[in-house]
Amino acid sequence: MSDRHREAMATRPAALDAERPGARPRITVALPATSPFSRQMLVPGWDQGRLERARVLIAGAGALGNAAAANLALIGAGHLAVADFDRIEVSNLSRTVLFRRGDEGRSKAAVAAERVRPLMLARDPIVLPLEGDIVWELGWGVYRRMDLILGCVDSSEARAAIGTPAWALGVPAVFGGLYAHNGGVLTQGVGTGPCVACGFSAAEWDDWSRRYSCDQVRRTAAAEAKVPATQIIASLIGALMVQEGLAFLHGDSRNAGTRVFVAAQRPVIERVRLTRKARCPFHAHIAPVEESPALSNQLTAGELLEALGVRDRGVTVRLGREFLLGCRCKGCGRPLPLCKPRHRTHATELVCEACRSTGRPLTNDPQIASIDALSRGTDAAVLALSLETLGIPALHLLEVERDGRTGWIELTGDLARVLPGWPGEVSQEASS
Ligand SMILES: [Zn+2]
Ligand SMILES: [Zn+2]
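Report on the accompanying structure. What you see is a predicted model, and the numbers here were worked out from it, not measured in a lab.

Cut-offs applied
- Here the residue numbers are simple positions, counted from 1 along each chain's written sequence.
- By the order in which they are written, chains take letters starting at A while ligands take numbers starting at 1.
- Predicted model: local features are reported for residues with pLDDT of at least 70 only, side-chain atom pairs are reported and counted for 80 or more only, and whole-chain, interface and lining totals are derived from all residues.
- Numbered from the N terminus, helices here are DSSP runs of H or I no shorter than four residues, and strands are runs of E no shorter than two.
- Three exposure classes are used. Buried residues have 20 or more other C-beta atoms within 10 Å of their own C-beta, exposed residues have 12 or fewer, and partly exposed residues fall in between, all C-beta atoms being placed from the backbone.
- A pair of strands is considered paired only if DSSP assigns at least 2 bridges between the two.
- Place the viewer so that the strands point away; then a crossover is right-handed whenever the path from the first strand over the helix to the second strand goes clockwise.
- With axes taken as lines fitted to C-alpha atoms, and helix axes fitted only over the stretch in contact, angles between N-to-C directions fall between 0 and 180 degrees.
- Remark: residues whose backbone-derived C-beta atoms lie within 7 Å of one another are considered to be in contact.
- To count as a nonpolar core, a set of buried Ala, Val, Leu, Ile, Met, Phe, Trp, Tyr and Cys residues must be joined through C-beta atoms within 7 Å.
- Domain limits in this description derive from either an automatic procedure or a database domain assignment.

Each helix and strand in the protein chain was counted, giving twelve helices and 14 strands. In the protein chain, which comprises 432 residues, the proportion classed as buried is 38%.

Here is the structure:
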């Protein structure tokens, strides 16, 4: 410590001493040492009960998800769900405190849940893995049973996919990002403030569009830029995400709608306030939601329409995504059946084998036939398919128009399968 620093410390007001690293705590009440939380409960305003009751979705089980999960476990968060579609690779191991050599090839979500469980200090903790693509395969009924969502993902598409239902259902969400020695944390509140996409840079919008072809199907080898990152910055940002989340769990939303930049080498931490973009496409509200224990994504589309009373009245179910029936080769006119959701379709599947063999590239404008809603007039072959085959995740919310009135229903029949034992009450839903 330089003389100047020592002098500055010496002249600090006494009231700041408790905030100085290494300073003696100003509260010296002797607590029984029977609780692992006795030290953190000395923090002014700390509410251990709220943390034990908290339900947190950790969306993404990579570097940030690992760091956030470990922090949440140790501070006594009671209920964690860890979502990821990916498998562990050897290159993950240097930034993932929950993974070990030998885990390569195993599910990130399953291993993270398995390893974080013994770290959880809450009484009767629950930790659940949710294996699947966060963008398309995570039902929105999961989001509405959370008190906090941590977006630990590295693509703008995934951030928007997490931010949209969180915003629509009124659940606070915190997002992290890493680059080399730098990182950022974006805090999305509830109500009418800016959403995560309001804070997207031009580069983030570019990253999203690179993942899809001109036909809006997935590029097979999506240009996945490998982001330089270390465990140091991942643990810093993961911890900062949990710090921001703690405020929400304690009912404090003053940091909502802000972004914190961290440059670890200098170091610098800076907070800026985000502006809500009036034309941002992600500001829908969903409320109220009708829970429907008889409905599940295992039903066929026809069974769903029956259950919603299609015999007696007009019913339209919006899928919120597209199901591709087939396309026609622009070169030879040959029909190519697809019968799969757009998000599970890759650009190579739109290439006509016959024309490829003659060397004519025909991937442009393949005249795709698709549906995005179900009703009495839907093709019988489609009505015989399960909602799962149509690309609807378990415990999802569907927009339903009945007799000209629009509302939201939940496939609540999937609840026990997706979130077994999860505390039931639903988060405050944003009113429209
Ligand atoms: Zn927005
Ligand atoms: Zn052809």
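Past the structure itself, the notes keep going.
Taken across its five residues, strand 1 (residues 55-59) has five buried, putting it largely inside the fold. Here strand 1 shows a buried face lined by Arg 55, Leu 57 and Ala 59 and a second buried face lined by Val 56 and Ile 58. With five bridges connecting them, strand 1 and strand 2 (residues 79-84) associate as parallel partners. By the bridge assignment for strand 2, Leu 57 is matched with Ala 81. Note that the unit made of strand 1, helix 3 (residues 63-75) and strand 2 has a crossover that is right-handed. Pairing of strand 1 with strand 4 (residues 148-151) involves four bridges; the strand directions are parallel. Note that in strand 4 the partner of Leu 57 across the bridge is Ile 149.

On to the pairing of strand 7 (residues 258-263), then. Two elements, strand 6 (residues 182-188) and strand 7, share six bridges in a ladder whose sense is antiparallel. Each bridged residue has a counterpart across the sheet, and for Thr 187 the counterpart in strand 7 is Thr 258. With six bridges connecting them, strand 7 and strand 8 (residues 268-273) associate as antiparallel partners. The partner of Phe 261 across the bridge, within strand 8, is Glu 270. Between strand 7 and strand 8, which follow one another and run antiparallel, lie four residues.

Now for unusual backbone geometry. With an omega dihedral of -25°, the bond running from Arg 266 to Pro 267 counts as a cis peptide bond. Tracing the chain through its elements places Pro 267 in the loop between strand 7 and strand 8. The omega torsion of the bond from Ala 287 to Pro 288 falls at -10°, within 30 degrees of zero and hence cis. One non-glycine residue, Asp 403, adopts positive backbone phi at about 50°. In this fold, Asp 403 is placed in the loop between strand 13 (397-402) and strand 14 (405-410).

Right, let's talk about the sheet that holds strand 1 for a bit. What the eight strands build is an open sheet, ordered 3-2-1-4-5-6-7-8; its pairing is mixed. Each of the sheet's edge strands pairs with one partner strand only, and the pair in question is strand 3 (126-131) and strand 8. Sheet twist, expressed as the mean angle between neighbouring strand axes with direction ignored, is 15°. Across the sheet, helix 3 is in contact with strand 1, strand 2, strand 4 and strand 5 (173-179); its angle to strand 2 comes to roughly 170°.

Below, the discussion takes up the nonpolar core. Among the nonpolar cores identified, the biggest contains 104 residues, and Leu 57, Ile 58, Ala 69, Val 82, Ile 149 and Leu 150 are the most heavily contacted of them. No other element matches the ten residues that helix 8 (residues 231-249) contributes to this core. Counting the residues that make up this core, at least three belong to each of domain 1 (30-273) and domain 2 (298-392). In this structure Ile 58 touches Gly 65, Ala 68, Ala 69, Leu 80, Ala 81, Val 82, Ala 83, Leu 150 and Cys 152, once residues within four positions along its chain are discounted.

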